[in-house]
Amino acid sequence: MEHLTERDVPGDPWLRRSLPVSHRVAGDLAGLRYPGRRLACWLHLVPNMMPLFDWLMSTGAELLIGSCDPGTADPAVVDQLRGRGARVLSSGPKPADRRAALDEAVAWRPDLVTEMGGELIAELVRRGCPPRAAMESTTTGIHRLSAVAPLPMPVLNWNDIPLKQLVEHRFHVADALWTAFSALTGIGLLGRRVLVLGYGNVGKGVATQARALGAIVTVADPDPLRLVEARLHGCATAPHATTAAARAEVVVTASGRDGTLDAAVMDRLPDGAILINAGHAPTEFDLDHLHRWPCRQQRPGVAGFTRPDGSHLFVLGDASPLNLAYPHGSLGDDLWDPFNGLMMFGCRWLLDGTWQTAASGLVPFPDREQRVLAELMLTEVRDRPATVVDPADLAPIGPADGGHELREVVGAHLPGSQRRHSLAHSTLRPDGRIPVHRHETTEETFIVAAGSGRVLLDGTESSVTAGQVVVVPPGVRHGFRAGPDGMRLWAVSTPSWTPADHHDDGSPR
């Protein structure tokens, strides 16, 4: 029987089983050390983010952790982080509290920032002390950073990548949001009139899921192209929310922009309307207008506001994104799972200095690392049957560059794979080459199965022939060149080889 420890996910062993990809990537990156790096993390502090924080704290980097939204800062997570020695800024719900936390983060002068929402990055730029590099992960953040363009440093943008748009935006947010809605209110969506404000990928997911649950959905978006798409998906449409507000029983903001649910819409909503935010920040609501009215807590996570005429509006999750502000813990952990891994890859990009070769401005996230995570989603969560593998049945990986044909036989990305090691078969034609490269975390053992040639190990060449074994520890630059008869090699990699840990010619990625 597998024994789980508190260190896997402090206080919640069940979460360890829900996040296999997160822990796989953390294991692959274990051992990386970045002492002297100053990284500010301005993120949602929810339980399913613990694998990311756990890995970051293991790197030796100096961390400052702050909440990008007080409504999504789980007190248990804050206590766990502080209990392990992390510096976590306090931030209450009042604007003055938020300003104080932001001022403290700016005064810390981070070299690097990973953020959700763009608030800290934009503030550092405005005050003339931008970080050397940063990473942003939300539509709201991309909008905010566009307002301070041109950015004087590279910012890795993983909000716009296909994996996030397809998985997190289309499915994760909606699945968790409607689960929280029913749990908090005790009501369902059958026959209810739902108004969705914004029809980007988050709005599409929210609207599609609502229709599947029996709701009558109207979409409001100023973009006529999006309204055509919503119409074809079976939704009623309106160019502005005010024209559809009077009949809406549930309203969901999903635009990524401040003030989407404005005073004009709030004033037209019927008595008892329920308001939900699916965007990044509470500011998608006109909070100044909302808080003019008396408020009374109805039940955990449900606040009632009384308008001057005595009618009521009900706000879930204090207008924070409901999929994250659910008061009983995080939801949709399995669909969030790959994005911890993605953020680990991105934080490594920051910490190891890869950003130094990037131009200033928004930098697209590497496609190959998205594909690694997608493959892990498909393999880490399914049964691994025992099997017999014939390398001849497997397609080569890429073209036979340099006279080298590579077939991955066993690995983490293959059906029936082993998770802790991989096995690859290389065929080198006469004078064929495996270019010089290195791995930061992977150790390799090569077995020369046939032929002969030469191996380069950190600048030293040696002859190798059939039956010999070449041992390559992590960090050692190595490559092969076949002799006149060619050469065949078997390579065992521990932990399992990944493209993210392959560094050509020993230079940083």
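This one's a predicted model, so the numbers in the text were calculated from it and none came from an experiment.

### Things to note about the layout of surface pockets
Of the pockets and cavities examined, the largest pocket occupies roughly 1100 Å³. P70, P93, R98, P282 and L287 are the residues nearest the centre of the largest pocket, which is lined by 45 residues in total. Counting only elements with at least two residues in the lining of the largest pocket, the list comes to α4 (75-83), α5 (95-107), α6 (119-126), α12 (287-290) and β12 (302-306). Each of domain 1 (13-166 + 330-379) and domain 2 (172-319) contributes no fewer than three residues to the lining of the largest pocket.

### Brief notes about unusual backbone geometry
In this model, A149 is joined to P150 through a cis peptide bond whose omega is 5 degrees. Of note, P150 is situated in the loop between α7 (139-146) and β5 (154-157). Between T494 and the following residue, P495, the backbone shows a cis peptide bond with an omega angle of -5 degrees. Secondary-structure assignment places P495 in the loop between β21 (478-494) and β22 (503-504). Within the chain, D318 stands out as a residue other than glycine whose phi angle is a positive 55 degrees. Mapped onto the secondary structure, D318 falls in the loop between β13 (312-316) and α13 (322-325). For D318, a relative accessible area of 57% corresponds to the exposed category. Unlike most non-glycine residues, A319 shows phi in positive territory, near 70 degrees.

### Thoughts on the sheet that holds strand β3 (residues 112-115)
The strand order across the open sheet formed by six strands is β2-β1-β3-β4-β5-β14, and the pairing between neighbours is parallel. A single partner strand is all that each edge strand has here, and the edge strands are β2 (62-67) and β14 (361-364). For this sheet, the mean angle separating the axes of adjacent strands, direction not counted, is 20 degrees. Those strands touched by α7 are β4 (133-136), β5 and β14, and its axis lies near 135 degrees from that of β4. Packing of helix α14 (residues 333-351) onto the sheet brings it into contact with β1 (38-43), β3, β4, β5 and β14, and relative to β4 it is tilted by some 165 degrees.

### Here we look at the packing of aromatic side chains
Counted under the stated rule, the structure contains five aromatic pairs. Arranged with centres 5.4 Å apart and planes meeting at 40 degrees, the rings of W336 and F339 form a pair that is tilted. With a gap of three residues between them, W336 and F339 both fall in helix α14, about one helical turn apart. Comparing W336 with F339, the two get one shared label, buried. Feature note: the residues W158, W336 and F339 constitute an aromatic cluster, connected by ring pairs. The ring of W108 has R38 lying over it, and the distance from NZ or CZ to the ring centre is 4.1 Å. Directly above the ring of W158 sits K164, whose terminal nitrogen or CZ lies 5.4 Å from the centroid.

### Topic: the pattern of salt bridges
Counted according to the given criterion, the structure contains 20 salt bridges. Of the charged contacts in the structure, one is a salt bridge between R99 and D103, with a shortest N-O distance of 3.9 Å. On the criterion of helical spacing, the pair formed by R99 and D103 is a turn pair, its members being four residues apart in helix α5. Between E249 and R192 there is a salt bridge, with the nearest N and O atoms lying 3.6 Å from each other. Of this pair, E249 sits in the loop between β8 (236-238) and β9 (250-253) while R192 sits in the loop between α8 (162-185) and β6 (193-197), placing them 57 residues apart in sequence. The exposure class of R192 is partly exposed, given its relative accessible area of 26%. A network of salt bridges, in which partner residues are shared, links R99, D103, E123, R126 and R127.

Rules used in this analysis
- Here, residues in each chain are numbered from 1, in the same order as that chain's written sequence.
- Only residues with pLDDT of at least 70 get local features here, since the model is predicted, and only at 80 or more are side-chain atom pairs given and counted; chain-wide, interface and lining totals rely on the full set of residues.
- The side-chain numbers reported here are obtained from all heavy atoms of the structure, hydrogens and water having been left aside.
- The method works on a 1 Å grid over the protein atoms by themselves. A cavity is a set of points holding a 1.4 Å probe that cannot get out, a pocket is an open set with protein on both sides within 12 Å along at least five of seven lines, and residues with an atom within 4 Å of a point line them.
- Grid points are joined across faces, edges and corners, and a volume is the space filled by probe spheres set on the points.
- Each helix is a run of H or I in the DSSP string that is no shorter than four residues. Each strand is a run of E no shorter than two, and both are numbered from the N terminus.
- Domain borders in the structure are assigned automatically or taken from a domain database.
- Residue burial is assigned from relative accessible area. The probe radius is 1.4 Å, only protein chains are included, and a residue is buried under 20% of its type maximum, exposed over 50%, and partly exposed in between.
- Note on pairing: DSSP must find at least two bridges between two strands before they are called paired.
- Axis definition: a line fitted to C-alpha atoms, over the contacting stretch in the case of helices. Angles run 0 to 180 degrees between N-to-C directions.
- Whether two residues touch is decided by their heavy atoms; if any such pair falls within 4.5 Å, the residues are in contact.
- Any Phe, Tyr or Trp ring, taking Trp's six-membered ring, that has another such ring centre within 6.5 Å forms a pair; planes under 30 degrees apart are called stacked, those over 60 apart edge-to-face, and the others tilted.
- The rule is short: NZ of Lys or CZ of Arg within 6 Å of the ring centre and within 35 degrees of the ring normal puts a charge over the ring.
- Between Lys or Arg on one side and Asp or Glu on the other, a salt bridge is scored when a side-chain nitrogen of the former is within 4 Å of a carboxyl oxygen of the latter.

By themselves these figures say nothing about function.
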